[in-house]
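Listed below are the residues making up each chain.
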Amino acid sequence: MHPSIQEIIESRVSANNYDSSRKLSNSEISELVRLATLAPSAYNFQNWKFLAVVSDEAKQRLQAAAFNQQKVNDAAVTFIICGTLNAHTQLEPALRPAVNAGIIDDKMLTTWVGMAEQSHTNNAVLQRDEALRSASLAAMTLMLAAQGKGLASCALSGFDADAVSREFDLHETEIPVMLLTVGYAAPGNWPQKPRKQLHEVMQLI
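Model, not experiment: these values are computed from the prediction. For every chain, the first residue of its written sequence is number 1, and the numbers climb from 1 along that sequence. Given that this is a predicted model, residues contribute local features only at a pLDDT of at least 70 and side-chain atom pairs are listed and counted only at 80 or more, while totals for whole chains, interfaces and linings are drawn from all residues. Computation of side-chain values: all heavy atoms of the structure, hydrogens and water removed.

(A) Quick look at the packing of helix α2 (residues 26-36) against helix α7 (residues 124-148). Between N-to-C directions, angles cover 0 to 180 degrees, with each direction set by a line fitted to C-alpha atoms, over the stretch in contact for helices. Strands here mean DSSP runs of E at least two residues long; helices mean DSSP runs of H or I at least four residues long; both are numbered from the N terminus. Where α2 contacts α7, the two axes come as close as 8 Å, and the packing angle between them is 130°. In this view, α2 runs oblique relative to α7, as classed from their interaxial angle. The interaxial crossing formed by α2 with α7 has right-handed handedness. Contacts from Leu 32, Leu 35 and Ala 36 of α2 reach α7 at Ala 138, Thr 141, Leu 142, Ala 145 and Ala 146. The residue inventory of the contact of α2 with α7, partitioned by class, reads seven nonpolar, one polar and no charged. In what follows, roughly perpendicular refers to angles from 65 to 115 degrees, roughly parallel to angles under 35, roughly antiparallel to angles over 145, and oblique to any angle outside these ranges. It is the rotation of the near helix from the far one that decides the hand of a crossing: anticlockwise by less than a right angle makes it left-handed, clockwise makes it right-handed. Any two residues whose heavy atoms approach within 4.5 Å are treated as being in contact. By the convention adopted, Pro, Cys, Tyr, Trp, Phe, Met, Ile, Leu, Val and Ala count as nonpolar, Lys, Arg, Asp and Glu as charged, and the other residues, Gly among them, as polar.

(B) Structural view of the pairing of strand β2 (residues 77-84). For every residue, the accessible area (1.4 Å probe, protein chains only) is compared with the maximum for its type, and the residue is labelled buried under 20%, exposed over 50%, or partly exposed between those bounds. With eight of its eight residues buried, β2 lies for the most part within the structure. Every second residue of β2 is oriented toward a common face, with Val 77, Phe 79, Ile 81 and Gly 83 on one face and Thr 78, Ile 80, Cys 82 and Thr 84 on the other, all of them buried. Two strands are said to pair when DSSP picks up at least two bridges between them. Two strands pair when backbone bridges link them, and β2 and strand β4 (residues 174-183) are joined in this way by eight bridges, in the antiparallel orientation. Its bridge partner being in β4, Phe 79 is matched across the sheet by Leu 180.

(C) Spatial organisation of the sheet that holds β2. In spatial order, the strands read β1-β2-β4-β3; together these four strands make up an open sheet with antiparallel pairing. One side of each edge strand has no neighbouring strand; the edge strands of this open sheet are β1 (48-53) and β3 (152-156). The sheet shows a mean angle of 25° between the axes of neighbouring strands, taken without regard to direction. On the sheet, helix α3 (residues 56-65) packs against β1, β2 and β4 and is oriented at approximately 115° with respect to β1. The strands touched by α7 within the sheet are β1, β2, β3 and β4, with β4 carrying the most contacts at an inclination of about 10°.

See the structure below:
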């Protein structure tokens, strides 16, 4: 019996310890990314990119850029999750499949492209904000997908973004938003840490 989404959310932890002897196949990694791409994005920009770091050589380079965190090397895969700038320039082909599927029509496509171009052209702050939002939503979706498949994960903000961009030849429009380790948990991980009380973070209006 598959766990419910509530059980997946409530059981997820940020794993520091991975069984380095257990790998994931390319098809398993690809399926995680496929599920991650079902995350929402403004205008359905899909303004993200996933680099799946699996080889020993690439892991070593990434570990060095991530302040030598061991889990980058031990996890079956560490994803470099990027948000992309200038997404408005690629919106028409991104939306065309929705037209072909009969979800939106050509008029709606043209309207959305026009709105995106008007708001995003020469607006570096909005482009970056949207890239960060989209990549973060995709990363969370990937973490939940991994948890649902019995895998552990951990999102990392501790890395040198310039070093990652340089080592992995990222384009100037590709922002490395976070690293995400995924693999099979080894003993010693903390349980999910307690959260603030709802009254501290929620307001009913």
